[in-house]
Amino acid sequence: MTDASVLYHGSLTRFDPESFRPMSHFGSIRAALQRAGELLSRRLHDDSDACAFIYPVRLAIRSPFPIADGQNMKHGPCAMADALFYGRRKLLSAAERDRVLSSASNDLEAAFAILASIIRSRGHDGLIYKNRHEDRGQDSFIALDGASVTPDGDPCPISMPEIISWLRELESPQTMPEAAVSLDRRFGRVQPHAGGMEFR
């Protein structure tokens, strides 16, 4: 994986795209839209005016460690340490897992830093998994920290009707090019990238 590919992150929060949290997930545009739709559907029960945000980025990840996707794979350092300890390909020792969990009980940021340091010490600069839930079968990536993430356009606020519409259009070869141009404009790009945006 190089920073030549555009990937996407779906969130309910508007934040500085230069400041992604450690262990943030990135994937295809479909995965980001599906994730945003899932999160937004819950929020709309309490806030009918809520919207989600899609963040286009490029990742500087060249040697990701493969892990399995799971329904319980959360953002926090404890869940990530468990995934790297209990997975079919174990990356953490029991002592290293305990160190991350112990640190997380007092300081989440320190626990993330410890986990990232251990992963890098094994020769990896990120994580990769086959997505089993959003855009099933496509690769998604986890950045160890914000230093691996470069924004590639403006965060795009998006409503539930727009999410549904774009997902429909991206499924059809006839409407995908038009959807690509529409999304490009929403991300603040004057012209699409050479060859068009990557919609895997």
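As a reminder, the structure under discussion sits directly above these lines.
Conventions we followed
Residues numbered from 1 in each chain as written. Predicted model: local features only at pLDDT ≥ 70, side-chain atom pairs only at ≥ 80, totals over all residues. Heavy atoms only, no water. Helix = DSSP H or I, 4+ residues; strand = E, 2+ residues; numbered from the N terminus. Buried < 20%, exposed > 50% of the residue type's maximum accessible area, 1.4 Å probe, protein only. Contact = heavy atoms within 4.5 Å. Expected span 1.5 Å × (residues − 1). Pairing = 2+ DSSP bridges. Axes fitted to C-alpha atoms, helices over the stretch in contact; angles between N-to-C directions. Polar contact = N/O pair within 3.5 Å; in protein donor to acceptor, adjacent residues only side chain to side chain. Salt bridge = Lys/Arg side-chain N within 4 Å of Asp/Glu carboxyl O.

Chemist: Looking at this structure, I do not really get the environment of L115. What am I missing?
Modeler: For L115, the location among the structural elements is in helix 4 (residues 108-121). Given the relative accessible area of 0%, L115 is considered buried. Between the C-alpha atom of L115 and that of P22, which follows or precedes it by 93 residues, the distance is 10.0 Å. Discounting residues that sit within four places of it in the chain, L115 has contacts with M23, P77, M80, A81, L84, L92 and V100.

Chemist: Would you take a moment to explain helix 1 (residues 29-43) for this structure?
Modeler: For an α-helix the count is 3.6 residues per turn, leaving residues at separations of three or four pointing the same way. Between its first and last C-alpha atoms helix 1 spans 21 Å; for 15 residues at 1.5 Å apiece the expected length is 21 Å, and the two agree. The complete set of buried residues in helix 1 reads I29, R30, A31, A32, L33, A36, G37, L39 and L40.

Chemist: Explanation requested: the sheet that holds strand 2 (residues 24-26) in the structure shown.
Modeler: Two strands in a sheet stick together by hydrogen bonds in their backbones, pointing the same way (parallel) or opposite ways (antiparallel). Spatially, the four strands line up as an open sheet ordered 2-6-5-4, and their pairing is mixed. Two strands in the sheet have a free side with no partner beyond their single neighbour: strand 2 and strand 4 (64-66). Averaged over all neighbouring strand pairs, the angle between strand axes comes to 30°, with direction disregarded. In this sheet, strand 6 (residues 139-143) lies alongside strand 2 in antiparallel orientation, the contact comprising three bridges. Looking at the pairing, F26 lines up with F141 of strand 6.

Chemist: Even after reading the chapter, I still don't get helix 4, so can you show me in this structure?
Modeler: The terminal C-alpha atoms of helix 4 lie 20 Å apart, and with 14 residues this matches the ideal 20 Å at 1.5 Å per residue to within 8%. Residues of helix 4 that are buried include every one of A111, F112, I114, L115, A116, I118 and I119, and no others. Summarising the contacts, the buried residues of helix 4 are in contact with helix 2 (77-86), helix 3 (94-104) and strand 5 (126-130). Its side-chain oxygen placed 3.1 Å from the backbone nitrogen of E109, D107 serves as the N-cap of helix 4. Phi for G123, located one or two positions after helix 4, is positive at around 90°.

Chemist: Can you walk me through the pattern of salt bridges in this structure?
Modeler: Think of it this way: side chains of opposite charge can pair up when their charged atoms draw near. Summed over all chains, the structure comprises nine salt bridges. Two residues, E96 and R122, come together in a salt bridge whose shortest N-O distance is 2.6 Å. Of the two residues, E96 is situated in helix 3 and R122 in the loop between helix 4 and strand 5; the sequence distance between them amounts to 26 residues. Assessed through its relative accessible area of 18%, E96 is described here as buried. The exposure class of R122 is partly exposed, given its relative accessible area of 36%.

Chemist: Can you help me understand the side chain of H124 in this one?
Modeler: Take H124: it is sitting in the loop between helix 4 and strand 5. One polar contact links the side chain of H124 to the main-chain carbonyl oxygen of S63, over a distance of 3.0 Å. With residues near it in sequence (within four places) discarded, H124 still touches S63, P64, F65, L91, I119 and L144.

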